[in-house]
Amino acid sequence: MKKVLLASACLFALAAPASAADLAARPYTKAPVAVASVYNWTGFYLGVVGGGAWEDANSPRMQGGFVGGTAGYNWQTGNVVFGIEADGSWADVSASATALGITVSSKTDALGTVRGRIGWAVNNVLFYGTGGYAWIDNKITVSALGVSVSDSKWHSGWTVGAGVEAFFAPQWSVKGEYLYRSLGSENYFSNLGAPLASGTINFHTVQVGVNYHFGGPIVAKY
């Protein structure tokens, strides 16, 4: 019996190293590093914009819609984004009033702005405030006894507002924006010897836009 046990022990001792050699250790594989997409807002962009406008006045008040284009440039440092933007739109914002057989109508045919922007970027989302120069092209028409006379004036003023913009594709963003526009008074029909002062024209506008950003705003970071 002792010889059998001794022989078994020897066989086990010889087999153990061979088995260990057969079970080679698995090679260590480092987990892949995750890639994070970080959006850089710096660069030039073009887009389309449209929305609605209504006069900050009692009834009758001008109201209607507009559609046009926009262009701008952003600079980003850290999370802060500075920019300049200009837009111009065709518009149909109007109102009319009739009294004693005389109808007076006012219609804004075009409007636009040139503004600075400053905002805070959270990756692909930008929250911003904006303000600058605003203009409209407005026409007043007076009608009575089947006869109408019209005069158009360019009004200049200022605008201030805020918005949010977000990338939804590598070079495409969508934005929503509110602007308050205050346009200075102009005298209409001065050439007829009976000038009609428009008074200050104030508009509330809500607009949405889609922009294409040149240069590729996505930077991959490891």
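Residues numbered from 1 in each chain as written. Predicted model: local features only at pLDDT ≥ 70, side-chain atom pairs only at ≥ 80, totals over all residues. Heavy atoms only, no water.

Asker: Please provide a residue-by-residue account of the pairing of strand β7 (residues 147-169), values included.
Answerer: Bridge count for strand β6 (residues 125-144) against β7 is 20 bridges, and the pairing is antiparallel. Bridge pairing in β7 links Ala144 to Val147. Taking the residues that link successive antiparallel strands as the turn, the β6-β7 hairpin has two residues, and the phi of Leu145 there is positive, at about 55°. Pairing between β7 and strand β8 (residues 172-183): 12 bridges, direction antiparallel. For Phe167, the partnering residue across the bridge sits in β8 and is Ser173. Joining the antiparallel neighbours β7 and β8 is a turn of two residues. (Pairing = 2+ DSSP bridges. Helix = DSSP H or I, 4+ residues; strand = E, 2+ residues; numbered from the N terminus.)

Asker: Can you break down the nonpolar core residue by residue, with the values?
Answerer: Within the largest apolar cluster, 12 residues are counted, these being Ala53, Met62, Phe66, Ala91, Val93, Ala95, Leu111, Ala134, Ile136, Leu183, Ile201 and Phe203. For this core, the secondary structure elements donating two or more residues are β4 (80-99), β6 and β11 (201-213). With three residues, β4 is the largest single contributor of residues to this core. If near-sequence neighbours (up to four positions away) are discounted, Ile201 is found in contact with Glu55, Met62, Ile136, Asn138, His155, Arg181, Ser182 and Leu183. In terms of nonpolar packing, the next biggest core, distinct from the first, is built from seven residues, Tyr39, Trp41, Val81 and Ala121 among them. (Core = buried A, V, L, I, M, F, W, Y, C linked by side-chain atoms within 4.5 Å. Buried < 20%, exposed > 50% of the residue type's maximum accessible area, 1.4 Å probe, protein only. Contact = heavy atoms within 4.5 Å.)

Asker: So what's going on with the sheet that holds β4? Residues and values would help.
Answerer: Read once around its circumference, the closed barrel built from eight strands follows the order β2-β3-β4-β5-β6-β7-β8-β11, with strand pairing classed as antiparallel. The average undirected angle you get between the axes of adjacent strands in this sheet is 20°. Two elements, strand β5 (residues 102-122) and β6, share 20 bridges in a ladder whose sense is antiparallel. Its bridge partner being in β6, Thr103 is matched across the sheet by Ser143. (Axes fitted to C-alpha atoms, helices over the stretch in contact; angles between N-to-C directions.)

Asker: Let's hear about a nonpolar patch on the surface: which residues, and what values?
Answerer: Judged by side-chain polarity, Phe44, Leu46, Tyr73, Trp75, Phe82, Ile84, Val114, Ile118, Tyr133, Trp154 and Phe214 come together as a nonpolar surface patch covering roughly 1000 Å² of accessible area. When contributions to the nonpolar patch are tallied by element, the ones reaching two or more residues are β2 (43-55), β3 (63-77), β4 and β5. Locating Leu46 in the fold gives a position in strand β2. Given the relative accessible area of 39%, Leu46 is considered partly exposed. (Patch = residues over 30% accessible without salt bridge, like charges linked within 9 Å, V, L, I, M, F, W, Y side chains within 5 Å. Areas by Shrake-Rupley, 256 points an atom, 1.4 Å probe, with all protein chains shown as cover. Salt bridge = Lys/Arg side-chain N within 4 Å of Asp/Glu carboxyl O.)

Asker: Residue-level account of the pairing of β4, with values.
Answerer: As judged from the 15 bridges shared by β3 and β4, these two strands associate in the antiparallel manner. Bridge pairing links Phe66 to Ala91 in β4. Remark: two residues form the turn of the hairpin made by β3 and β4, two consecutive strands paired antiparallel; Gly78 in that turn has positive phi of roughly 65°. One ladder, built from 18 bridges, connects β4 with β5; its direction is antiparallel. The partner of Val80 across the bridge, within β5, is Trp120.

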